[in-house]
Every structure is written in C-alpha cells, then in structure tokens.
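If you want the building blocks of each chain, they are given just below.
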Amino acid sequence: DQQVKQNSPSLSVQEGRISILNCDYTNSMFDYFLWYKKYPAEGPTFLISISSIKDKNEDGRFTVFLNKSAKHLSLHIVPSQPGDSAVYFCAASARFFGNEKLTFGTGTRLTIIP
Amino acid sequence: NAGVTQTPKFHILKIGQSMTLQCTQDMNHNYMYWYRQDPGMGLKLIYYSVGAGITDKGEVPNGYNVSRSTTEDFPLRLELAAPSQTSVYFCATHKTTEAFFGQGTRLTVV
C-alpha cells in the first residue's frame, strides 16, 4: 500500500519556466511533509518542508503548497535552472502521533532543458 | 563535519554470502535508519533505531539484521544474500523531522 504517491515518474521543463512536482498521500495522520532532491550517486538532500498547520511554505525559488482536504502537495520551482535536474522525493511523517518515520514516494525525475 | 558516512560505496556479493554495510554518524542524532532504493521505486525502510540499544523493523526487514551498540554506528547485516537484495542502500539520521542521508552503497548480488 503506497501511502505517498508521486504519479509522474518524469517531467521535462524549459529553463526559466516553472516546474511543478506533485505528491498525493492517503494517510490522514500525516502532518509533516518534506521534499528531497537526489543527484545520481549521491544520497537525498533535504529541500523544503511544510507542517499541516500551513498551506504554503516558501524558500527562495522553491515553494511547497499543501491542500489537506485533497491530501495533495506540490513543489513549485521558479525559475527552473539546469542544476535543478534531479530526482525529487516527497516524504511524510505523523509527528503529532509520535511516529516520526519518514514515508517516501517513488520520486519524479525532473529534467531542465536549456 | 562528515555527517553520515557509509562504507563501502560499491560491492558485489555472491548468492549465499554475508556482509555488513557500515554506517557512522557524527551528529549525535538518536534516530538512525536504513533504506533501500530499487529502480523506479521510492525509499523503503528496512530497519530503524531510536537510540543505542533499540532497533525496530521497517517495511522490508526480511533478510537483514541490525544492531545499535553506540549512538554513532548502525551497521546493516545481510545474511545469505539473494539477488532480490541487489539495490542501493542508504543510511540516514534524523533530527526533528529532517533526515540526513549518507551517499549510499550500491550492492549487487550475483
């Protein structure tokens, strides 16, 4: 049972345009969401997070939006740059319920076209 | 500051052999995790530990064992390796809700 789903395995975006990566979850107890970025032959690195008490969190070119009623979150990157080409993982945890284990999605490979 | 260090980076193992993947952290974090990543799949939790002396199973623990005798070290043991264990293995530590990952160990079982 995949509790965190990233339905788009890949996405190609022109440099300078907006990249939108989507993530859906099924577990209502999830209350904290994170995005990780992974380059080949490296471990994932933390990008941005959002708590369920918010619906938006922004950090420079990266913004995460959370729609709790739809159990959906998205990562917006604008403007997209060639260095953004990587695999992006969405992850979730149920902190309030004492379960801090991260559940990951399957990832979306983002390719930025120069 | 090394963070999370995994060794080896690559290894080829024969079916039925055993080996230990090493993971060391210098961040003094209590939580440590072992994940595996298969092609086209997300990160699956194998085992985790909430502190020295305490370990627990994740989603896919079969064929693996762990120990946590110190805060710093969290080795993953494969007994009787099988081709299904061919994967990339990531060790991670945990601070609040942000996880810090090692660079991974690419293991091939032939």
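Residues numbered from 1 in each chain as written. Chains lettered and ligands numbered in written order. Predicted model: local features only at pLDDT ≥ 70, side-chain atom pairs only at ≥ 80, totals over all residues. Heavy atoms only, no water.

**Q** In this structure, what is going on with the overall build of chain B? I would like to understand it.
**A** Counting its regular elements, chain B contains 0 helices and 11 strands. For chain B, the N- to C-terminal ordering of α and β elements is β-β-β-β-β-β-β-β-β-β-β. Computed over C-alpha atoms, the radius of gyration of chain B comes to 13 Å, within 12% of the 13 Å expected from 2.2 N^0.38 for 110 residues, which places it in the range of a compact globule. Counting only C-alpha atoms, chain B reaches 35 × 25 × 25 Å along its principal axes. By the burial criterion, 45% of the 110 residues in chain B qualify as buried. Put simply, of all contacts in chain B between residues at least 6 apart along the chain, 52% involve residues at least 24 apart. Split by element, the accessible area of chain B, about 5200 Å² in all, is 52% carbon and sulfur. With 9 positive and 8 negative side-chain charges, chain B shows a spacing of 7 Å between the two charge centroids. (Helix = DSSP H or I, 4+ residues; strand = E, 2+ residues; numbered from the N terminus. Rg over C-alpha atoms; globule rule 2.2 N^0.38 Å. Buried < 20%, exposed > 50% of the residue type's maximum accessible area, 1.4 Å probe, protein only. Contact = heavy atoms within 4.5 Å. Areas by Shrake-Rupley, 256 points an atom, 1.4 Å probe, with all protein chains shown as cover. Lys, Arg positive; Asp, Glu negative; His and termini not counted. Charge placed at Lys NZ, Arg CZ, Asp CG, Glu CD.)

**Q** In this structure, what is going on with the pattern of salt bridges? I would like to understand it.
**A** Where charged atoms of side chains with opposite charge meet at close range, the side chains can pair. Considering all chains together, one arrives at 6 salt bridges over all chains under this definition. The residue B:Arg36 makes a salt bridge to B:Asp38 at a minimum N-O spacing of 3.0 Å. As a salt-bridge pair, B:Glu59 and B:Lys44 come within 3.9 Å of each other at their nearest N and O atoms. Taken as a pair, B:Glu59 in the loop between β6 (54-57) and β7 (64-66) and B:Lys44 in strand β5 (residues 43-51) lie far apart in primary sequence, 15 residues in all. Sharing partners across several salt bridges, the network here consists of A:Lys37, A:Arg61 and A:Asp84. (Salt bridge = Lys/Arg side-chain N within 4 Å of Asp/Glu carboxyl O.)

**Q** Looking at this model, I keep getting lost on the sheet that holds strand β3 (residues 19-25) of chain A. Mind explaining?
**A** Strand pairing in a sheet is mediated by backbone hydrogen bonds. Such pairs are either parallel or antiparallel. Residue and element names in this part refer to chain A. With respect to topology, 5 strands assemble into an open sheet ordered β1-β3-β8-β7-β6, the strand pairing being antiparallel. Both outer strands of the open sheet, β1 (4-5) and β6 (56-59), are each paired with one neighbouring strand and no more. Examined bridge by bridge, β1 and β3 share 2 bridges and lie antiparallel to one another. Opposite Lys 5, over in β3, you have Asp 24 as the bridge partner. (Pairing = 2+ DSSP bridges.)

**Q** So what exactly am I meant to see when it comes to the nonpolar core here?
**A** Nonpolar side chains in soluble globular proteins tend to be buried together. Membership of the largest hydrophobic core comes to 24 residues, with the highest contact counts inside it found for A:Phe33, A:Trp35, A:Leu73, A:Leu75 and A:Tyr88. Put simply, the parts of the chain that give this core at least two residues each are β3, β4 (32-38), β5 (45-51), β7 (62-67), β8 (72-77), β9 (86-94) and β11 (108-113) of chain A. The biggest single contributor to this core is β9(A), with 5 residues. Formed by 19 residues, the second largest nonpolar core is a distinct cluster that contains B:Val4, B:Met19, B:Leu78 and B:Val109. (Core = buried A, V, L, I, M, F, W, Y, C linked by side-chain atoms within 4.5 Å.)

**Q** In this structure, what is going on with the state of the cysteines? I would like to understand it.
**A** A covalent bond between the sulfur atoms of two cysteines is what we call a disulfide. All names here are of chain A. As enumerated under the stated definition, the model contains 2 disulfides over all chains in all. The disulfide partner of Cys 23 is Cys 90, and the gap between their sulfur atoms is 2.0 Å. What sets the handedness of the Cys 23 and Cys 90 disulfide is the S-S torsion sign, and at about -75 degrees it is left-handed. Of this pair, Cys 23 sits in strand β3 while Cys 90 sits in strand β9, placing them 67 residues apart in sequence. (Disulfide = S-S within 2.5 Å.)

**Q** Looking at this structure, how should I read the side chain of A:Lys37?
**A** Residue and element names in this part refer to chain A. Its location among the elements puts Lys 37 in strand β4. Accessibility expressed as a relative area gives 11% for Lys 37, which makes it buried. Separated by 2.9 Å, the side chains of Lys 37 and Tyr 39 make a polar contact. Aside from chain neighbours lying at most four places away, what touches Lys 37 is Gly 43, Pro 44, Thr 45, Gly 83, Asp 84, Ala 86, Val 87 and Tyr 88. (Polar contact = N/O pair within 3.5 Å; in protein donor to acceptor, adjacent residues only side chain to side chain.)

**Q** Would you mind showing me how to read the interface of chain B and chain A here?
**A** Where the parts come together, the accessible area they lose is often given as the size of the interface. Contacts between the two partners involve 20 residues from chain B, matched on the other side by 19 residues from chain A. Between chain B and chain A the total buried area reaches about 1600 Å² when both faces are included, carbon and sulfur atoms providing 61% of it. For the pair chain B and chain A, the number of links is 0 salt bridges. Where chain B touches chain A, the interface holds 2 residue pairs in polar contact (both at pLDDT 80 or more). (Buried area = accessible area lost by both parts, 1.4 Å probe.)

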